[in-house]
Amino acid sequence: MITLYGTPVSRALRISWLLEELGVAWQFQFLDFAKGENRSDWFLALNPSGKMPVLKDGDFVLTESAAIMQYLAENYGADWLPARGTQASALHAQWVSFITCELEQPLWTIGKHKFALPEPQRLPAIFPTAKWEFDKAAAIAESWVPAHGYLLGEQITLADLLLAHTLMWATRFEQTIPSKLAAYRDRLAKRPALQAVLAKTQAIADAAQAS
């Protein structure tokens, strides 16, 4: 059984979304950060950084969301990745690297200085710089993203879920999304697997917090 540890709308969402798309059996283990569950001994044994998401597949434990998505696609849904050694595979790797290093990085800077870091370490003055960085990366993504279909054509890949989730995160952080990217985000947000997994993980989180 595959177990995913995290919260419903964190980076764990890109993993839960892919799991639902793949149709594999999996379970969600909600982490209540307000109660410090991410700093508990049992979770630190899985990920010493105390960060999520964490995936456990049998005895195998993996952290870092892009690596988890790669592992799941390679082992449970090869059609979610282009064939290795092809130009499409290189373009896919380019998208994954750009999303995680350029587009997401300023969003995480905002997140860290809004809620993740201890209060004495938060610097609200960094927000304008982070916004400038995001806007610059978003403009590049806007020039690359197709007006229709998916990033590499008619076949959806894990990079699509990664980009769509990052854009949803940007929306939650009240960033300006260029028009083609916004339309792309909205197309992906309509996928039934996303709606199903949001309901599933939120119900588990609500039950855990109520207990």
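For clarity, every value in this text was computed on a predicted model and none was experimentally measured.

*Asks:* Outline the layout of surface pockets, supporting the account with residue identities and numerical values.
*Replies:* Each pocket or cavity is described by its volume, and for the largest pocket that value is around 910 Å³. Along the wall of the largest pocket there are 32 residues; nearest its centre are Arg11, Phe33, Met52, Trp108 and Phe115. Put simply, the parts of the chain that give the lining of the largest pocket at least two residues each are helix 3 (65–76), helix 4 (87–116) and helix 6 (158–172). When residues in the lining of the largest pocket are grouped by element, the largest group, six residues, is from helix 4.

*Asks:* A description of the environment of proline 178 should follow, citing residues and the corresponding values.
*Replies:* Within the element layout of this structure, proline 178 appears in the loop between helix 6 and helix 7 (179–189). Once the C-alpha coordinates of proline 178 and leucine 194 are considered, the two residues, 16 residues apart in sequence, prove to be 22 Å apart. Setting aside residues up to four positions removed in sequence, proline 178 forms contacts with Ala138 and Glu142.

*Asks:* Let's hear about the sheet that holds strand 1 (residues 2–6): which residues, and what values?
*Replies:* Strands sit in the order 2-1-3-4 across an open sheet of four strands; the sheet is mixed. Only two strands of the sheet have a single neighbouring strand rather than two, namely strand 2 (26–30) and strand 4 (60–63). Averaged over all adjacent pairs, the angle separating strand axes in this sheet is 20°, with direction ignored. In the sheet, strand 3 (residues 54–57) pairs with strand 4 via four bridges, with the strands oriented antiparallel. By the bridge assignment, valine 54 is partnered in strand 4 with threonine 63. Strand contacts of helix 1 (residues 12–22): strand 1, strand 2 and strand 3, with the helix running at about 155° to strand 1, the strand carrying the most contacts.

*Asks:* I'd like to hear about the UniProt feature "domain: GST N-terminal" (unreviewed entry) in the chain, residue by residue, with values.
*Replies:* Look at the UniProt record and you will see "domain: GST N-terminal" (unreviewed entry) annotated at residues 1–80. Helix makes up 36% of residues 1–80 and strand makes up 22%, while its end C-alpha atoms are separated by 21 Å.

*Asks:* How would you sum up the pairing of strand 1? Please name residues and give values.
*Replies:* With five of five residues buried, strand 1 lies mostly within the body of the structure. Across the two faces of strand 1 the burial is the same, with Ile2, Leu4 and Gly6 and Thr3 and Tyr5 all buried. Here strand 1 runs beside strand 2; their pairing, made up of five bridges, is parallel. Across the sheet, residue tyrosine 5 finds its bridge partner in strand 2, namely glutamine 29. The handedness of the strand 1 to strand 2 crossover, carried by helix 1, is right-handed.

*Asks:* Would you mind going over the packing of aromatic side chains in detail, with residue names and values included?
*Replies:* Counted under the stated rule, the structure contains 10 aromatic pairs. Seen from their ring centres, tyrosine 5 and tryptophan 42 are 5.8 Å apart, and the 50° between their planes marks the pair as tilted. Taken as a pair, tyrosine 5 in strand 1 and tryptophan 42 in helix 2 (residues 41–46) lie far apart in primary sequence, 37 residues in all. Relative accessible area serves as the criterion here: at 10%, tyrosine 5 is assigned to the buried category. A relative accessible area of 40% places tryptophan 42 in the partly exposed class. Residues tryptophan 108 and tryptophan 169 carry aromatic rings whose centres are separated by 6.2 Å and whose planes lie at 45° to one another, so their mutual orientation is tilted. Placement of the pair is tryptophan 108 in helix 4 and tryptophan 169 in helix 6, with a sequence separation of 61 residues.

*Asks:* Describe the packing of helix 4 against helix 5 (residues 127–144), with residues and values.
*Replies:* Across the interface, helix 4 lies against helix 5 with an axial gap of 9 Å and an inter-helix angle of 155°. Here helix 4 lies roughly antiparallel to helix 5, going by the angle between them. When the axes of helix 4 and helix 5 are compared, the crossing they make is left-handed. Contacts from Gln94, Trp95, Phe98, Glu102, Leu103, Gln105, Pro106, Leu107, Thr109, Ile110, His113 and Lys114 in helix 4 reach Phe127, Ala130, Glu133, Phe134, Ala137, Ala138, Ile140, Ala141 and Trp144 in helix 5.

*Asks:* Explain the nonpolar core to me, using residue names and the numbers behind them.
*Replies:* Membership of the largest hydrophobic core comes to 57 residues, with the highest contact counts inside it found for Trp17, Leu19 and Leu72. Here this core gets 10 residues from one element, more than from any other, and that element is helix 6. Beyond its immediate stretch of four places on either side in the chain, leucine 19 contacts Ile2, Leu4, Val24, Trp26, Leu55 and Leu72. Judged by nonpolar contacts, the second largest core, of six residues, contains Tyr5, Phe43, Met52 and Val54.

Quick notes on the rules
Per chain, the residues get numbers from 1 upward, laid out in the order the sequence is written. Given that this is a predicted model, residues contribute local features only at a pLDDT of at least 70 and side-chain atom pairs are listed and counted only at 80 or more, while totals for whole chains, interfaces and linings are drawn from all residues. The side-chain values count all of the structure's non-hydrogen atoms but skip hydrogen atoms and water molecules. Of the grid points, spaced at 1 Å and generated over the protein atoms alone, those admitting a 1.4 Å probe that cannot get out make up cavities, while open sets with protein on both sides within 12 Å along at least five of seven lines make up pockets; any residue with an atom within 4 Å of a point is treated as lining. Grid points are joined across faces, edges and corners, and a volume is the space filled by probe spheres set on the points. Runs of H or I in DSSP of at least four residues are treated as helices and runs of E of at least two as strands, each being numbered from the N terminus. Whether two residues touch is decided by their heavy atoms; if any such pair falls within 4.5 Å, the residues are in contact. Any two strands are treated as partners once DSSP identifies two or more bridges connecting them. Note on definitions: angles span 0 to 180 degrees between N-to-C directions of axes, and those axes are lines fitted to C-alpha atoms, for helices only across the stretch in contact. UniProt positions are given in the numbering used here, feature names are shortened, and annotations may be inferred rather than shown by experiment. Working definition: with a 1.4 Å probe on protein chains only, accessible area under 20% of the residue-type maximum means buried, over 50% means exposed, and in between means partly exposed. A clockwise course of the path from the first strand over the helix to the second, judged with the strands pointing away from the viewer, identifies a crossover as right-handed. The criterion for an aromatic pair is that two Phe, Tyr or Trp rings (for Trp, the six-membered ring) have centres within 6.5 Å, with stacked assigned to planes under 30 degrees apart, edge-to-face to planes over 60 apart and tilted to the rest. Should an angle fall under 35 degrees it is called roughly parallel, over 145 degrees roughly antiparallel, and 65 to 115 degrees roughly perpendicular, with every other angle called oblique. Crossing chirality is assigned from the near helix's rotation relative to the far helix, an anticlockwise turn below a right angle marking it left-handed and a clockwise turn marking it right-handed. Grouping buried Ala, Val, Leu, Ile, Met, Phe, Trp, Tyr and Cys residues that are joined through side-chain atoms within 4.5 Å yields what is termed a nonpolar core.

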